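Secondary and tertiary structure notes
What follows is the residue order along each chain.
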Amino acid sequence: MAKSSDPLTHSTLDPGLFAEAVQIIRGAKSIGLACHVNPDGDALGSMLGMYWALMADGIGERVPIHLSFPAPLVANGGLRYLPGLDVCELPGDFPKNLDVAMTFDAASPDRLAELEPRILAAQQVIVVDHHVTNPGFGTLNLIDPKAAATGVVVARLIEALGVDFAPDMATCVYTALVHDTGSFQYPNTTAHDFDLAGKLVRAGADMAMVAKNMQREMPLSYIEFCAEKLADVKLDEESGLVSLFVTKDDLTRHGLDFEAAEGLLYMLRRVKEARVACLIKEREYGHESGQHHAHKKGVKVSLRSRGDIDVAAIAGQLGGGGHKAAAGFSAKSADEVLSALKSLLGAAESSDETQEGTS
């Protein structure tokens with residue numbers, strides 16, 4: 001079992017911030033943990049890892065701890081193995097008058113969707129995140145843009161709590177780390193992340209279980225869906241934008257859910273001629289941002305870059321955010337998205353050429 005005295009990970013944040021967070025948490029009369037809408041492995045793994053740390057510290061025996069996320073887990077079936085999911089509450093059951101609320105991997109408050117007003121009503125809001133676009137909406141912000149995953153920041157906070165990593169806790173944080181480093185393949189991965197992964201595995205993280213669920217089995221209908229949609233991939237050679245639009249009918253016809261389309265994005269980002277990969281998915285407009293406009297149709301856009309283009313900056317100009325190599329936003333139509341992206345990519349290329357000419 002890894003001891004809290006071991007140096008778990010590197011953080012660019014002031015150690016005093018973690019000490020302050022521990023003080024707030026230990027003085028709380030009630031605690032709520034929440035992550036962003038349609039949570040991924042980093043969001044759920046970070047939140048549940050923190051839950052197990054609070055339980056290990058004995059805080060759960062003294063005060064009530066509530067957990068929730070604004071999305072049905074059915075869209076993330078591959079994360080059902082995470083220990084602690086059974087204690088999560090529906091958003092409607094999440095308390096409105098918390099003493100301390102903690103958010104995980106939510107780059108902005110609207111990413112909390114229907115949980116947003118309940119979180120922001122807490123006396124203290126601790127934001128734990130690694131998105132460079134996060135405005136810092138908490139009363140205390142543990143936001144480290146240089147961290148490969150929010151789970152890395154959580155590991156540092158667990159270290160500050162002084163508890164030992166046990167198997168369930170380690171499995172959750174390991175899931176967060178593996179998810180947002182792309183199984184340690186993304187360029188945001190550092191030597192510190194490998195050190196942390198080793199400590200988590202030695203503490204009992206179920207590495208085999210995480211690997212198995214990240215490489216989920218898929219029905220034949222998914223292969224047929226991919227074969228059909230890959231024929232529709234478009235490459236705009238002038239801007240270097242490779243794009244694909246997936247409609248709700250595409251998914252329904254093959255009996256698949258919304259998240260099934262994400263697998264196509266990993267193929268798009270491998271196109272040699274592409275500077276930026278763009279996956280556009282038709283869905284309810286405003287659902288993800290908590291704007292409650294579910295009656296309006298729109299699209300969700302996911303962007304990926306190999307690193308030379310800052311897609312977080314581009315997404316930010318279109319109302320979204322994320323990381324330099326991975327970002328997203330919502331819009332009203334696919335045509336609107338493609339027009340805006342081509343224009344912004346053209347402007348980015350012109351800026352690059354200007355800087356090269358003056359250097």
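Residues numbered from 1 in each chain as written. Predicted model: local features only at pLDDT ≥ 70, side-chain atom pairs only at ≥ 80, totals over all residues. Heavy atoms only, no water.

**Focus on the overall build of the chain**
Across its full length, the chain holds 13 helices and 11 strands. Buried positions account for 54% of the 359 residues belonging to the chain. Of all intrachain contacts in the chain linking residues separated by at least 6 positions in sequence, the fraction that spans at least 24 positions is 67%. When the accessible area of the chain is evaluated, it comes to approximately 15,900 Å², of which 52% is carbon and sulfur surface. (Helix = DSSP H or I, 4+ residues; strand = E, 2+ residues; numbered from the N terminus. Buried < 20%, exposed > 50% of the residue type's maximum accessible area, 1.4 Å probe, protein only. Contact = heavy atoms within 4.5 Å. Areas by Shrake-Rupley, 256 points an atom, 1.4 Å probe, with all protein chains shown as cover.)

**As for the pattern of salt bridges**
A full pass over the atoms with the stated rule returns nine salt bridges. The salt bridge partner of Lys229 is Asp250, with a shortest N-O separation of 3.0 Å. Of this pair, Lys229 sits in helix α9 (residues 220-230) while Asp250 sits in helix α10 (residues 248-253), and the two are 21 residues apart along the sequence. For Lys229, a relative accessible area of 5% translates into the label buried. On the basis of relative accessible area, Asp250 is assigned to the buried category, the value being 7%. Between Lys342 and Asp236 there is a salt bridge whose closest N-O contact spans 4.0 Å. Of this pair, Lys342 sits in helix α13 (residues 334-358) while Asp236 sits in strand β6 (residues 234-236), and the two are 106 residues apart along the sequence. Residue Lys342 is classed as partly exposed on the basis of its relative accessible area of 37%. (Salt bridge = Lys/Arg side-chain N within 4 Å of Asp/Glu carboxyl O.)

It is worth stressing that arrangement in space is one thing and function is another; only the former is reported here.
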